[in-house]
Amino acid sequence: MPEVNRSVPPPVGGWTRFVTARPRLALLAALVITALAVFAGSGVADRMGSGGWQAPDAESTYATEVLAREFPASQPNLLLLVDSGSAGVDDPAVAAEAARLTERLKAEPGISGVGSYWATASPALRSEDGKEAIIAARIGGDEKTAGETLDRLAPAFTGERGPVTVSLGGPVAVQHEMQTIIQEDLLRAELIALPVTLVLLVMVFGSAVAAMLPLAVGIVAILGTNAVLRGLTEFTDVSVFAMNLTTALGLGLAIDYALFIVRRFREELAAGADTRTAVGTTLRTAGRTVLFSALTVAVSLSAMLVFPQYFLRSFAYAGIAVVLLAAAAALILLPAALVLLGPRINALDLRRVLRRRKKAATAGAAAAGAAAGGAGASSIAGADASPGRGWAWLGALVMRRAPVFAIVTTVGLLLLGLPFLGVKFGTADDRQLPASAESRVVQEHIRDGFPGSPGGGLEVLAEGQGSPADHAALKDRIEQLPGVLRVDGPVADGPVAYYSVLPKGEAVGEQAQQLVRDLRAMPSASSLDTSVTGTAAVLVDSKDAIADRLPWALAIIVVVTLLLVFLLTGSVLIPLQAVVLNALSLTAMFGAVVWVFQDGNLSGLLAFTSTGDIETTLPVLMFCVAFGLSMDYGVFLISRIKEEYDRTGDHEHSVTFGLRHTGGLITAAAVILAVVMVAIGTSRVTNTKMLGLGIALAVLMDAMVVRSLLVPAVMKLMGRSTWWAPAPLRAFHRRFGLSEGEAAPAVTPAAPPDPEPTAEAEGISGARRDIGEPARR
């Protein structure tokens, strides 16, 4: 018989008194702080960037910065597509208008390196049908400055201009339009998610008052995070994509934490505790679980800080801030609100009429059963009054057939993840935007109608006091490399020169990436230092940077997760099980990402254009976020199992008990979070769509398959050895560990009474009963 921990945990009455002593003052302070956060966070999206995929310390980044400084014309980020209609670009009237536009553009502040087909006669700047040509320029400054310049230029240069029609494209136009669309889509996602979430919360709680509390916690977390991000933009680059994660996690985790705390509070009230005692017990039990959950999610997100790309680091900034603020609001503001509400937490029950009808129907069935035989009536009433009956039945079924459920579920998840074995990594481009976006239309015209993939070439920067013979020899060596279609240059300015290299095949295909490696491995003249940049070079550097830092990120996640789960459970095997099963729960997400977004399946239904690859940083981001959320649900389940095991020492009963009391809660939380993520997934930007829909799938698979089927099956197979730990670690846990359980609560209910007879169901309807609706006397 395993040792049963019956020790009373350290009292936290001081913390409870601190939180609940002056609840009105706490809520007033929260209101003031939130108002200040609204002011501090206003305009945060306008200060964010839409790039961040490049590694700042990479060779390609260095070469790009030097070329932009020394040869602005070599790094144009603004393209004016001039359409001459049927006249042709060589028509005198068209040429005169193009020359006028070029001169006007040169005179604009912030513009450098202006060139055009009409000035250079370069065939790369003229469409193959002779009807379109390009004016290229570079907008200086950071992304914010470039966006402001673009907004100023667009009305003066686009549209009908005499005999031509002008449209804006280029990287700066793509990024600026992407940023604008993301802001619009985020507002729409919030308008979708908030009312749907409120409806689902009412379905879960039954009470409109209780349903409003998680939303309030989420709004506080979101507004606070916006203020944090606004402050960070003063010191570092932050990606506008992080705003989507702020909204999703702010609502999702706040709802998770509030569900858990309010559910435990209502259980304590139902058992007869007074309001302050119920709040204290809730903080000692569910409060600890929320704290551990927040730490595990924050750790998973903090792993992205090891990567150099500010795109990934931005999600760490936003994620850590919103997780900690959601936990703080749930552990400080929510208890203050519960003290003030007390039993009124169940007020405004919007389902009272439906429940009365069900009660009448059940009473009629019981009377009929009594007429046929009293035992039948008792059986019906007893079954319906048992909260979580469906989850208890499922847990018992899974453990009776544990090997079957473990094998079938594991094999099924691995099969769903098989498409990820064929993943191809690429870089984001204009095809992230909707087909109607002006900058995408321009880029597609250039990509499909101009020779040699303009903008997709490579640049070789050569620095040093090289002689003409050295430069000529370098050009010869470049031309002899496989995969080279054409080499132009050198263009020299003192000790700095560059060569334009046009690769064969796709601009960022495997052949172009190999050419980058060949160029970097190529011996050069002793007097010249070379470095390579261009779209393919940026992709190669990004992949190398991620591959270099990925082991460190995984080590941080695994080691800290193992430590935190050990502190929660005192077991050596449960932390290992949690890491493995959480990773397994993500296989469906990764398989779906490749099958849908890389291979293009369902692209018509989901309204996106497949590029045949996945942006390099997205899998890392999705893993960190989804793993953290999986741990969130895992902590909820394991903590309740541990609490019951400490109380009874009965392993199988504890697993069934934990599933019974958290299965519906976890499912409800997962459905609500999935709704938020799907709302994010309605974005017109493909990467945001992939992020939202992928994580929604991962969350649902984790809650409905891994937590409901795989975890009980594995814990049954492991038996009581689940709780094993060597003696030194047991002693360490007794001294430093924390758990949800408490041996001597103020009120010890055998089971939360619930005389409201409601048919137990899967999912959200089951979650409402698991939350522990208090009995009505």
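Please refer to the structure placed before this passage.
Remember, it's a predicted structure, so these values are computed and weren't measured experimentally. (Residues numbered from 1 in each chain as written. Predicted model: local features only at pLDDT ≥ 70, side-chain atom pairs only at ≥ 80, totals over all residues. Heavy atoms only, no water.)

So what's going on with the sheet that holds strand β1 (residues 78-83)? Residues and values would help.
Spatially, β2-β3-β1-β5-β4 is the arrangement adopted by the 5 strands of the open sheet, whose pairing is antiparallel. Looking along the sheet, the strands with just one partner apiece sit at the ends: β2 (111-116) and β4 (159-161). If you compare each strand with its neighbour and ignore which way they point, the axes differ by 25° on average. By the bridge criterion, 4 bridges tie β2 to strand β3 (residues 132-139) in an arrangement that is antiparallel. Residue pairing across strands places G115 opposite A136, the latter belonging to β3. (Pairing = 2+ DSSP bridges. Helix = DSSP H or I, 4+ residues; strand = E, 2+ residues; numbered from the N terminus. Axes fitted to C-alpha atoms, helices over the stretch in contact; angles between N-to-C directions.)

Talk me through the pairing of strand β5 (residues 164-169); I want residue IDs and the actual numbers.
Regular strands place side chains that alternate from one sheet face to the opposite one. Note: β1 against β5, 5 bridges, orientation antiparallel. Bridge pairing in β5 places D83 opposite T165. The hairpin turn running from β4 into β5, its antiparallel successor, is 2 residues long, and G162 in that turn takes a positive phi close to 60°.

Please give an account of the nonpolar core that cites residues and values.
One finds F241, Y257, V323, L338 and L621 to be the most contacted residues of the largest nonpolar core, which totals 160 residues. Those residues in contact with L621 that sit more than four places away from it in its chain are M304, F311, L312, F315 and L691. Judged by nonpolar contacts, the second largest core, of 33 residues, contains V82, A136, L153 and F450. (Core = buried A, V, L, I, M, F, W, Y, C linked by side-chain atoms within 4.5 Å. Buried < 20%, exposed > 50% of the residue type's maximum accessible area, 1.4 Å probe, protein only. Contact = heavy atoms within 4.5 Å.)

Tell me about the sheet that holds strand β7 (residues 458-463), residues and numbers included.
In space, the 4 strands of this open sheet follow the order β8-β9-β7-β10, with antiparallel pairing throughout. On the outer flanks of this sheet lie β8 (484-493) and β10 (529-534), each paired with one strand and no other. Across the sheet, the mean angle from the axis of one strand to that of its neighbour is 20°, orientation sign disregarded. Sheet topology places β7 next to β10; 6 bridges connect them, and they run antiparallel. Paired with E459 across the bridge in β10 is T533. Packing of helix α18 (residues 468-479) onto the sheet brings it into contact with β7, β8, β9 (496-503) and β10, and relative to β8 it is tilted by some 160°. Where helix α20 (residues 535-569) meets the sheet, its contacts fall on β7 and β10, and the angle it forms with β10 comes to roughly 95°.

Tell me about the packing of helix α9 (residues 242-270) against helix α11 (residues 286-302), residues and numbers included.
The geometry of α9 relative to α11 is characterised by a closest axis approach of 9 Å and an angle of 160° between their N-to-C directions. As judged from the angle between their axes, α9 and α11 are roughly antiparallel. α9 and α11 meet at a crossing whose hand is right-handed. Where α9 approaches α11, its residues L249, L253, Y257, F260, I261 and R264 are matched on the opposing element by A286, T289, V290, S293, A294, V297 and L301. Taken together, the residues that form the contact of α9 with α11 break down as 10 nonpolar, 2 polar and 1 charged. (Parallel < 35°, antiparallel > 145°, perpendicular 65-115°, else oblique. Left-handed = near helix turned anticlockwise from the far one by under 90°. Nonpolar A, V, L, I, M, F, W, Y, C, P; charged D, E, K, R; others polar.)

Now, about the side chain of E643: what can you tell me, with residues and values included?
Considering the arrangement of structural elements, one finds E643 in helix α24 (residues 618-648). Judged by relative accessible area, E643 falls into the buried class, the value being 13%. A distance of 3.0 Å separates the side chain of E643 from the side chain of R264, its partner in a polar contact. (Polar contact = N/O pair within 3.5 Å; in protein donor to acceptor, adjacent residues only side chain to side chain.)

Outline the side chain of N244, supporting the account with residue identities and numerical values.
Here N244 lies in helix α9. Residues within four places of N244 in sequence aside, it is in contact with I182, L186, I680 and T688.

I'd love a proper account of the packing of helix α2 (residues 23-40) against helix α12 (residues 310-341), names of residues and values included.
Relative orientation and spacing of two packed helices are given, respectively, by the angle between their axes and the distance between those axes. In the contact formed by α2 and α12, the axes pass within 9 Å of each other and the chain directions differ by 135°. With respect to α12, the element α2 is oriented oblique. Crossing hand, α2 versus α12: left-handed. Contact residues: P23, R24, A26, L27 and A30 in α2; L333, A336, A337, V339 and L340 in α12. The residue inventory of the contact of α2 with α12, partitioned by class, reads 9 nonpolar, no polar and 1 charged.

Report on the environment of I446, specifying residues and quantitative values.
Within the secondary structure, I446 is located in helix α17 (residues 438-449). Judged by relative accessible area, which is 2%, I446 ranks as buried. It is 9.8 Å that separates the C-alpha atoms of I446 and G170, two residues lying 276 residues apart in sequence.

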